[in-house]
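# Structural overview for review
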Amino acid sequence: MLILVRSIAVLVAVFAVSMLSSKAEAFTQSGIASVYSGGKTANGERAHSGTLTAAHRHLPFGTMVRVTHRKTGRSVVVRINDRGPFVRGRVIDLTPAGARAIGLGYGLAPVSLAVLGRN
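What counts and what doesn't
- Residues numbered from 1 in each chain as written.
- Predicted model: local features only at pLDDT ≥ 70, side-chain atom pairs only at ≥ 80, totals over all residues.
- Heavy atoms only, no water.
- UniProt positions renumbered as here; feature names shortened; annotations may be inferred.
- Helix = DSSP H or I, 4+ residues; strand = E, 2+ residues; numbered from the N terminus.
- Buried < 20%, exposed > 50% of the residue type's maximum accessible area, 1.4 Å probe, protein only.
- Contact = heavy atoms within 4.5 Å.
- Areas by Shrake-Rupley, 256 points an atom, 1.4 Å probe, with all protein chains shown as cover.
- Salt bridge = Lys/Arg side-chain N within 4 Å of Asp/Glu carboxyl O.
- Polar contact = N/O pair within 3.5 Å; in protein donor to acceptor, adjacent residues only side chain to side chain.

Under the annotation held in an unreviewed UniProt entry, the protein chain carries the name Endolytic peptidoglycan transglycosylase RlpA and is attributed to Rhodoplanes serenus. Under Function (unreviewed entry), UniProt gives the following word-for-word description of the protein chain: "Lytic transglycosylase with a strong preference for naked glycan strands that lack stem peptides."

Right, dumping it as structure tokens:
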């Protein structure tokens, strides 16, 4: 039963994000950002540490997102090209370049996300 409830919740979230993608500025999210690099991304690209890309669970590939570090106020615009993070409480995985841009380095940080549009 719990698996069914979670599956329905994921479907509702995906539907909500797809509805909001036409109204880009309407979607915001807060949570924890983490850093990742290497390997092939879900859209087939390589995850290069020097690019400003990120992984998000539901946003469409090519979505441009402003990520703002809530403690430092620094922000960066990244392009979604992968799926993840798959750890509870985390909302986005940034490449090392994106993490450095907001003063994260390696580790975790509280962030806010704002969708800017699609690339």
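We now examine the overall build of the protein chain. Secondary structure summary: the protein chain contains two helices and six strands in total. The secondary structure elements of the protein chain, listed N-terminal to C-terminal, are α-β-β-β-β-β-α-β. Across the 119 residues of the protein chain, 37% fall into the buried class. Of the contacts made within the protein chain by residues no fewer than 6 positions apart, 74% connect residues no fewer than 24 positions apart. About 6600 Å² of surface is accessible on the protein chain, with carbon and sulfur atoms providing 59% of the total.

Going through the model one piece at a time under the given rule, you end up with one salt bridge. In this structure, Arg79 and Glu45 form a salt bridge, with 3.0 Å as the shortest nitrogen-oxygen distance. Here Arg79 is found in strand E4 (residues 75-82), whereas its partner Glu45 is found in the loop between strand E1 (28-35) and strand E2 (53-55), with 34 residues between them in sequence. Glu45 gets classed as partly exposed once you look at its relative accessible area, which sits at 28%.

Time to look at unusual backbone geometry. Omega for the peptide link from Gly84 to Pro85 comes to -10°, which places this bond in the cis form. Here Pro85 is to be found in the loop between E4 and strand E5 (90-94).

Attention now moves to the environment of Gln29. Mapped onto the fold, Gln29 is located in strand E1. Residue Gln29 is classed as partly exposed on the basis of its relative accessible area of 24%. Leaving out residues up to four positions away in the same chain, Gln29 has contacts with His56, Val91, Val111, Ser112 and Leu113. Among the polar contacts made by the side chain of Gln29, one reaches the side chain of His56 at a distance of 2.7 Å.

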